[in-house]
Amino acid sequence: MSAPKTAACVIGWPVKHSRSPKLHGYWLNRYGIDGAYRTEEVAPADFAAFLGSLQSKGYVGANVTIPHKEAALALTKPDARARNVGVANTVWFEDGELRSTNTDVEGFIGALDAAAPGWDQRTRTALVVGAGGAGRAAVYGLIERGIKTIYVANRTYERAAELADHFGPSVKPAQWADIATLLPASDLLTNATQLGMDGQLPLDLDVRLLPSGAVVSDIVYVPLKTPLLAAAEARGFATSNGLDMLLYQAVRGFELWFGVRPEVTAEQRAMLVADLVKR
Ligand code: NAP
């Protein structure tokens, strides 16, 4: 059998756990594309050289994951999303240059659109808990959607303050202890920390303080239904989970590398859920 015409990969260290090959493999199959999506385990010291030889290795682009996302930004020509989030997770060749973006921004927004259509029309104030890479991607997505007031609460307050400084007056830093005070005016609540992940403590806040009609989202996807999302669902709030964010963030990369804008499907989601349960 001849080698596939178009190939992409996810570069990480370690990377064996990545769900991306399954996720992109599903679309390659669905759209009948003669392509491949592989994992490439690359140590930090070798990353720059690997990226430099991406084309000669037969790749049209790649996802980049921990610990290479900052280096990917520095070694490529980033778009506004990657620059503003401060890390890049997707690279591709365009006009002879290696370009980069951060697709967590559209992953976060795409998951919200799917779970709660019209959420942006109803959101005057959002509260993002967490000021790391995922928190920055969420905040930038909310700014792009025109949300007027975005509070960012972080365990380390200085990180929230830096983020607010970077993004300007619509973003307001908050102390961790202020979360309870902010909840009653938050039309959207997002967990962008590891809290709630298997093996971690839950994010300890009282969703009953949220206004009626609020939307609650979580970037954690192991478990699929975090304690936060379970509590929110029990109160009748619309919820958006981290697996949908993972699925929607993959759309742009696939389109850039393989030339088809793919659709996230229920069958694909079920396949990934089955995989998460198995591990
Ligand atoms: P990061 O840059 O390391 O940031 C971690 C964030 O979590 C920081 O705000 C940190 O606060 C906070 N945090 C960690 N432990 C905490 C604790 N015990 N109590 C309170 N806050 C705590 O990581 P990241 O890149 O933003 O990723 C965060 C999580 O999102 C990871 O679990 C990642 O797998 C997940 N993620 C999911 C998707 C998706 O597609 N669903 C996409 C990207 C990331 P401090 O600043 O105080 O340390």
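Residues numbered from 1 in each chain as written. Predicted model: local features only at pLDDT ≥ 70, side-chain atom pairs only at ≥ 80, totals over all residues. Heavy atoms only, no water.

Throughout the structure, instances matching the rule amount to six aromatic pairs. Centroid distance Y37 to W257: 5.9 Å. Interplanar angle 45 degrees. Geometry classified as tilted. In this pair, Y37 sits in strand β2 (residues 35–41) while W257 sits in helix α11 (residues 242–258), placing the two residues 220 residues apart along the sequence. The pair formed by Y37 and W257 is uniform in burial state, with each residue classed as buried. Seen from their ring centres, W257 and F258 are 6.2 Å apart, and the 85 degrees between their planes marks the pair as edge-to-face. Comparing W257 with F258, the two get one shared label, buried. By way of ring pairs, the aromatic residues W27, Y31, Y37, F254, W257 and F258 are connected into one cluster. (Phe/Tyr/Trp six-rings, centres within 6.5 Å; stacked < 30°, edge-to-face > 60°. Helix = DSSP H or I, 4+ residues; strand = E, 2+ residues; numbered from the N terminus. Buried < 20%, exposed > 50% of the residue type's maximum accessible area, 1.4 Å probe, protein only.)

As a packed pair, α11 and helix α12 (residues 266–278) sit with axes 11 Å apart at the nearest point and diverge in direction by 125 degrees. The angle between α11 and α12 places the two elements in the oblique class. Seen along the crossing, α11 lies across α12 with a hand that is right-handed. Across the interface between the two elements, L243, D244, L247 and Y248 of α11 pack against Q268, R269, L272, V273 and L276 of α12. In the contact of α11 with α12, the residues fall into six nonpolar, one polar and two charged. (Axes fitted to C-alpha atoms, helices over the stretch in contact; angles between N-to-C directions. Parallel < 35°, antiparallel > 145°, perpendicular 65-115°, else oblique. Left-handed = near helix turned anticlockwise from the far one by under 90°. Contact = heavy atoms within 4.5 Å. Nonpolar A, V, L, I, M, F, W, Y, C, P; charged D, E, K, R; others polar.)

When cut into domains, the chain gives domain 1 (6–102 + 250–278) and domain 2 (105–240). Taking only C-alpha atoms into account, the centre of domain 1 sits 26 Å from that of domain 2. The partner domain 2 presents twelve residues to the ten residues of domain 1 that form the contact. Of the roughly 1000 Å² buried at the junction of domain 1 and domain 2 (both faces included), carbon and sulfur atoms supply 53%. Ranking the residues of domain 1 by area buried against domain 2 places R81, N84 and V85 at the top, with a combined share of 54%. The tally of links from domain 1 across to domain 2 stands at two salt bridges. With a shortest N-O distance of 2.7 Å, E106 and R81 are connected by a salt bridge. For the pair domain 1 and domain 2, the interface holds six residue pairs in polar contact (both at pLDDT 80 or more). Those elements that place two or more of their residues in the side of domain 1 that touches domain 2 are α4 (80–85) and α12. Counting residues per element, the side of domain 1 that touches domain 2 draws most heavily on α4, at four residues. (Domains from an automatic or database assignment. Buried area = accessible area lost by both parts, 1.4 Å probe. Salt bridge = Lys/Arg side-chain N within 4 Å of Asp/Glu carboxyl O. Polar contact = N/O pair within 3.5 Å; in protein donor to acceptor, adjacent residues only side chain to side chain.)

Close to the ligand lie 20 residues; A134, N154, T156, R159 and I219 are nearest. Side-chain polar atom of T156 to an oxygen atom of the ligand: 2.5 Å apart, as the coordinates give it. At 2.8 Å from an oxygen atom of the ligand is found a side-chain nitrogen or oxygen belonging to R159. Within the complex, the protein chains bury 76% of what would otherwise be the 920 Å² of accessible surface of the ligand. Elements supplying a minimum of two residues to the shell around the ligand: α7 (133–144) and α11. The class makeup of the residues in the shell around the ligand is nine nonpolar, eight polar and three charged. (Near = heavy atom within 4 Å. Areas by Shrake-Rupley, 256 points an atom, 1.4 Å probe, with all protein chains shown as cover.)

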